[in-house]
Amino acid sequence: MKVKLRSKEILINFVYFLFVIGFFRGTALSGFKIFSGLHVLDQIFTLLQYIGMVYILIAFFMYYRKITAYDILLYVFLIIILISTALSGVELNEALNFTEKIFFVVLWFKTIYKMNNIMRLKAFVNGLNILQCINLVFMLIFYGGAQYANSDTVMGTVGHVYLLGYDNGLLMYALPTVVLNYYLFSKEKNILYKIFIVIVSLQVIISGSVTGIIALLLTFLFFNYEFLAKIFSGIRGIVLSVVVFEGLATITIQQWISPLLNSLDKGLTLSGRTEIWQWALSYIKNSKMIGYGYSTDRARNVFFWKLGITAAHSQLLDLLLQGGVVCLGIYIILYISSQRQSLKIYKETKKSFWKLLFVVEMVFFFVMIVESYSSYAAYPLLFVLFEMGRMSKKNKIV
């Protein structure tokens, strides 16, 4: 019996790892000059993603078959992005891939929860751990990033590109995986999960991403000093984030901290971010309610063509560009409801996992005023965190 159970566990871990590769693989492998002949492997990864979608749908109808008010809000969020993309007159392929990843990854996690099977959650988290371990080895071999073939983008010219993408985006993989590992540690007390927490965090530190390192530092401070967390929590935290963004965008705050910015080689434009924000705002004003949808080609060639980047370097602005005030509003509702519920359960149970979930969601919201995350493959994991907070109403995940 134990042999059969072990064989099943190995099989599930292997299959889930393949699906994790399909959904979260990050940068195209063939985009690196040293792997330029491996285009067929990228196609296989895409095929794995679609096989994973079929599996998730089958599992959902077998074990879950329930749509909640939270789900409807998320679906409206995704549908608006598709509608605004279509109205903008660009191809829907990218927007479809973007929205379906969020839809299926969240559905996958919800179904794992409903199945009440810790083995499947472990397989999901192990897949994320292994993927990031592989990326860490790649980082150590190609310290500072490998040469990327597409020199039309900032990624292709400044380096710092790894298997999971540009250095600032590694945080999008690391923090949700830290939360998931911490949850499994709280359930099983297996020190291996703490080791994985260190490994996935090391990616961010080794990459030298200032944004990522600040986010890790804030997570540590907020987790250990609750009086600091209160300042950035809930509506108060949203207002503070907007005020800080406004100050940064108008150069006010940069002038106060110019010595620090110069020491980090960021300058008063925060590595060009303030200029990008102004370009983004000029477009947002023309389509305030539902934005322009999702299209990295349009962002690179129309919105931000001067730098060749595909995002506004502020998730707040990206949300407005993609879905306008409506999508930004839905996003804030999902964020606040998840965060408040996590905090409520923490106060009731004093279980540190719920505090970590609350803190990480808060850190993401604050840090995203100067960073875009929606263009990274790990973006759906942020919605997984929202789902974890929502499911905390039952004081358990699996």
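Here, the structure is the one placed above.
Residues numbered from 1 in each chain as written. Predicted model: local features only at pLDDT ≥ 70, side-chain atom pairs only at ≥ 80, totals over all residues. Heavy atoms only, no water.

Colleague: When you look at the packing of helix 4 (residues 93-115) against helix 18 (residues 380-391) in this model, what are you seeing that I'm missing?
Modeller: How two helices pack is summed up by the angle between their axes together with the distance between the axes. Between helix 4 and helix 18, the shortest axis-to-axis distance is 9 Å and the interhelical angle comes to 35 degrees. Where helix 4 crosses over helix 18, the handedness of that crossing is right-handed. Here Lys 101, Ile 102, Val 105, Val 106, Phe 109, Lys 110 and Tyr 113 of helix 4 lie close against helix 18, whose contacting residues are Pro 380, Phe 383, Val 384, Glu 387, Met 388, Arg 390 and Met 391. (Axes fitted to C-alpha atoms, helices over the stretch in contact; angles between N-to-C directions. Helix = DSSP H or I, 4+ residues; strand = E, 2+ residues; numbered from the N terminus. Left-handed = near helix turned anticlockwise from the far one by under 90°. Contact = heavy atoms within 4.5 Å.)

Colleague: Where do I start with unusual backbone geometry in this structure?
Modeller: Phi angles above zero are rare outside glycine, and Lys 189 is one such case at about 55 degrees. By the secondary structure assignment, Lys 189 is in the loop between helix 7 (170-188) and helix 8 (191-207). At Lys 350, a residue that is not glycine, the phi angle is positive and equals roughly 60 degrees. For Lys 350, the location among the structural elements is in the loop between helix 16 (315-349) and helix 17 (352-367).

Colleague: Just to check I follow, could you spell out helix 5 (residues 118-141) for this structure?
Modeller: The α-helix winds at 3.6 residues per turn, so residues separated by three or four positions along the chain end up facing the same way. Spanning 24 residues, helix 5 covers 34 Å between terminal C-alpha atoms, matching the ideal 34 Å at 1.5 Å per step. Counting buried positions along helix 5 yields 17 of 24 residues, so the element is predominantly enclosed. (Expected span 1.5 Å × (residues − 1). Buried < 20%, exposed > 50% of the residue type's maximum accessible area, 1.4 Å probe, protein only.)

Colleague: How do you make sense of a nonpolar patch on the surface when you look at a structure like this?
Modeller: A grouping of Val 54, Ile 58, Met 62 and Tyr 63 is seen on the molecular surface, where their side chains present a nonpolar patch of about 400 Å² in accessible area. Structurally, Val 54 can be placed in helix 2 (residues 39-63). (Patch = residues over 30% accessible without salt bridge, like charges linked within 9 Å, V, L, I, M, F, W, Y side chains within 5 Å. Areas by Shrake-Rupley, 256 points an atom, 1.4 Å probe, with all protein chains shown as cover. Salt bridge = Lys/Arg side-chain N within 4 Å of Asp/Glu carboxyl O.)

Colleague: Please explain the pattern of salt bridges as it appears in this structure.
Modeller: Any two side chains of opposite charge can pair, so long as their charged atoms come close to each other. For the structure on display, the rule yields 5 salt bridges. Residue Glu 387 pairs with Lys 110 through a salt bridge whose shortest N-O separation is 3.6 Å. Highlighted residues: Glu 387 in helix 18 and Lys 110 in helix 4, separated in sequence by 277 residues. Across this residue pair, the class does not change: Glu 387 and Lys 110 are buried. For Glu 387, the salt bridge is made with Arg 390, and the minimal N-O distance between the two is 2.7 Å. With a gap of 3 residues between them, Glu 387 and Arg 390 both fall in helix 18, about one helical turn apart. Accessibility expressed as a relative area gives 0% for Glu 387, which makes it buried.

Colleague: Explain the packing of aromatic side chains to me, please; I cannot follow it from the model alone.
Modeller: This structure, assessed with the given rule, holds 30 aromatic pairs. Look at Tyr 16 and Tyr 55: their rings are 5.9 Å apart centre to centre, the planes differ by 75 degrees, and that puts the pair in the edge-to-face class. Residue Tyr 16 is located in helix 1 (residues 2-24), and its partner Tyr 55 is located in helix 2; the two are separated by 39 residues in the primary sequence. Overall, Tyr 55 belongs to the partly exposed group, its relative accessible area being 24%. Between Phe 35 and Phe 138, the ring centres sit 6.4 Å apart and the planes meet at 40 degrees, which makes this aromatic pair tilted. Separated by 103 residues along the polypeptide, Phe 35 in the loop between helix 1 and helix 2 and Phe 138 in helix 5 bring together distant segments of the chain. The exposure class of Phe 35 is partly exposed, given its relative accessible area of 24%. For Phe 138, a relative accessible area of 6% gives the class buried. Taking the ring centre of Tyr 346 as reference, the NZ or CZ of Lys 350 above it sits at 5.3 Å. (Phe/Tyr/Trp six-rings, centres within 6.5 Å; stacked < 30°, edge-to-face > 60°. Lys NZ or Arg CZ within 6 Å of the ring centre and 35° of its normal.)

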